[in-house]
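Single-letter residue listing:
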Amino acid sequence: MRVNGKTPNQVPRLAVALGDAGLVLAALYLAFLLRFGGELPPANFAAFLGLAPWVAGGAAVVFAGLGLYDRRRDGFLSTLRTLSAGVVLIGLVTAAASFWFREPAFPRSIILIGGAVQLVLLVGWHRLVWWLDGRLHGQRRLLVLGEAGETASFMDKLLDLPGDPFCVAEVVRPEGAGRLAARLEGVDGLVVMPSVPPKARRAAVTAALEKRRDVYLVPDSFEILLSSARMSRIDDLPVLQLEGAGFSWFQLAAKRALDLVLALAGLVAGLPVLVGLAILIPATSKGSPFYVQERVGQNGRVFRLYKLRTMVTGAEEGTGPVLAATDDARITPVGRWLRATRLDELPQVFNVLKGEMSTVGPRPERPEFVERFRAESPAYHYRHLVKPGLTGLAQVQGRYSTSAEDKLRFDLYYIRNYSLLLDLQILLQTIPIVFTPAAARGQSGVPEPNTGAFLTNCPAKYGQQQLLDKRGQG
């Protein structure tokens, strides 16, 4: 609980970044000592000092781009996978710097030895940071304002978080928003769901801020569109100014240039893998290794998307178009591995070269599903203002099984806040996802509304835990 207002709940990002940079350099120094039997020759030491600022700076950029300083509560295993990808990228940065500055006294063996030492030191450091974050954060008691169905979905997400950083102490229906003052005394934060009307939302947020409680606002589509608004004025009237959705001509040109470079590089690097998989797939299940499917692209145009086949041939003959589910029997054993590693998307580099897709953007959906999603969300058509992508913000921030509504929130944020730097960050964060099979689970479907009572997942604080019925005791 708070004492005198706010309490820290994380180790400062700057402290984590400085620790990372220091350990990356310490690992390289130890690698020199191991390589040269405990004595560092002057020429090698000079090479180390010359490259140290570039390696440290490169490590900071790589780790920030990988999202290590966002400190999402996804569990330490997620951090470990990201660190592994980061160490590989730091090795490439170090090799590039030694080549650029022509440092023969910085042998390649140092990069290999240093990479192994870096991983050990960084894993230990981030494990310590993870533990300290947990101690500082504690378990935050939340009051959730919203309808029963969406609250049940929110509870499912909380239960998936490693370490139980949050718990729901009470659920209140939207009509109870004006009477939250007393209830906020026993919690650390307020969660406001999209179903809460604007007037009730303002009352709830105002009450929480007055009590110095954290507010977690689950935005609707309109609020995400406002995320890129800038303050302006008309005479003495303050206004929020929104520019039209879409990219400028310069952004389009830069994005297309990046797409071509990355697609060509991916095609050259991935061609041996593609050939090998084209042999493996038909050898393990009957049918062609490739699969062509209609998807909806920019401005609603339908195009033919290329994939490696992951399901049995004729998987939809009896069912028609349906989303893949967790433990879907139609997915082949090789296909399950391809989905987990995202290698089934490899042929889409041809879609990028043809200009039908970009490397980064909202994932394209099938026409049948687009019609359904449009009916459920009027803002869904905004996704088609830009080209679909091989990867996107929804893919690196969510899961394969994230609902269409939640993916739409990420996609709208991407479109409204686009920059080339954001594209590069998403591309970097895609690398660890390849090694994260849990992120590739099938569509789990929309949770059914709560049909009975549920028990709060907070520890008992004032006697027995509260039993809340689906009316939310609003």
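Placed above this text is the structure.
The rules behind the values
- Per chain, residues are indexed from 1 in the order of the written sequence.
- Side-chain atom pairs in this predicted model are given and counted only at pLDDT of 80 or more, local residue features only at pLDDT of at least 70, and totals for whole chains, interfaces and linings cover all residues.
- Excluding hydrogens and water, the side-chain values take into account all heavy atoms of the structure.
- Residue exposure (1.4 Å probe, protein chains only): buried if accessible area is under 20% of the type maximum, exposed if over 50%, otherwise partly exposed.
- Segments assigned H or I by DSSP are reported as helices when at least four residues long, segments assigned E as strands when at least two residues long, and all are numbered from the N terminus.
- Pairing between two strands is assigned when DSSP locates at least 2 bridges connecting them.
- We call a crossover right-handed when, viewed with both strands directed away from the observer, the connection leading from the first strand over the helix to the second proceeds clockwise.
- Expected span of a helix: the number of residues minus one, times 1.5 Å.
- Pairs of N or O atoms are called polar contacts if they sit within 3.5 Å, as long as, within protein, a hydrogen donor faces a hydrogen acceptor (for residues adjacent in sequence, only side-chain-to-side-chain pairs).
- Contacts between residues were defined by any pair of non-hydrogen atoms, one from each residue, lying within 4.5 Å.
- Geometry is summarised by axes, namely lines fitted to C-alpha atoms with helices restricted to the contacting stretch, and by angles between N-to-C directions that run from 0 to 180 degrees.
- Helix crossings are classified by the rotation of the near helix relative to the far one: an anticlockwise turn of less than a right angle makes the crossing left-handed, while a clockwise turn makes it right-handed.
- Residues are sorted three ways: Asp, Glu, Lys and Arg are charged, Ala, Val, Leu, Ile, Met, Phe, Trp, Tyr, Cys and Pro are nonpolar, and all the rest, Gly among them, are polar.

With 6 of 6 residues buried, strand 1 (residues 140-145) is to be regarded as a mostly interior element. Here strand 1 shows no split at all, with Arg140, Leu142 and Val144 on one side and Arg141, Leu143 and Leu145 on the other all buried. With 6 bridges joining them, strand 1 and strand 2 (residues 166-172) adopt parallel strand pairing. Residue pairing for strand 2: Leu145 is matched across the bridge by Val172. Taken together, strand 1, helix 5 (residues 148-160) and strand 2 form a β-α-β motif whose crossover is right-handed. Where strand 1 meets strand 3 (residues 189-192), 4 bridges bridge the pair, whose relative direction is parallel. Looking at the pairing, Leu143 lines up with Leu190 of strand 3.

For helix 3 (residues 76-100), with 25 residues, the first-to-last C-alpha span of 35 Å sits near the 36 Å given by 1.5 Å per residue. Arg102 sits one or two residues past helix 3 and shows a positive phi near 50 degrees.

A separate point is the side chain of Arg383. Within the secondary structure layout, Arg383 lies in the loop between helix 11 (367-376) and strand 10 (389-391). Here Arg383 falls in the buried class, since its relative accessible area comes to 7%. Here Arg363 takes part through its backbone oxygen, which lies 2.6 Å from a polar atom of the side chain of Arg383. Setting aside residues up to four positions removed in sequence, Arg383 forms contacts with Pro362, Arg363, Glu365, Leu408, Asp411 and Ile415.

Attention now goes to the packing of helix 1 (residues 13-35) against helix 2 (residues 42-65). The description of two helices packed together rests on the angle between their axes and the distance between the axes. The contact between helix 1 and helix 2 brings their axes to 9 Å, and the two run at 145 degrees. Both helix 1 and helix 2 take part in a crossing whose hand is right-handed. Residues Asp20, Ala21, Val24, Leu25, Leu28, Tyr29 and Phe32 of helix 1 pack against Asn44, Phe45, Phe48, Ala52, Val55, Ala56, Ala59 and Phe63 of helix 2. Along the lines of polarity and charge, the residues of the contact of helix 1 with helix 2 split into 13 nonpolar, 1 polar and 1 charged.

In this section: the sheet that holds strand 1. If you walk across this open sheet you meet the 4 strands as 2-1-3-4, and the pairing is parallel. The open sheet terminates on both sides in strands that have one partner only, identified here as strand 2 and strand 4 (214-217). Going from strand to strand, the sheet's axes swing by 25 degrees on average, the running direction of each strand aside. Packed onto the sheet, helix 5 meets strand 1, strand 2 and strand 3 and runs at close to 170 degrees relative to strand 2.

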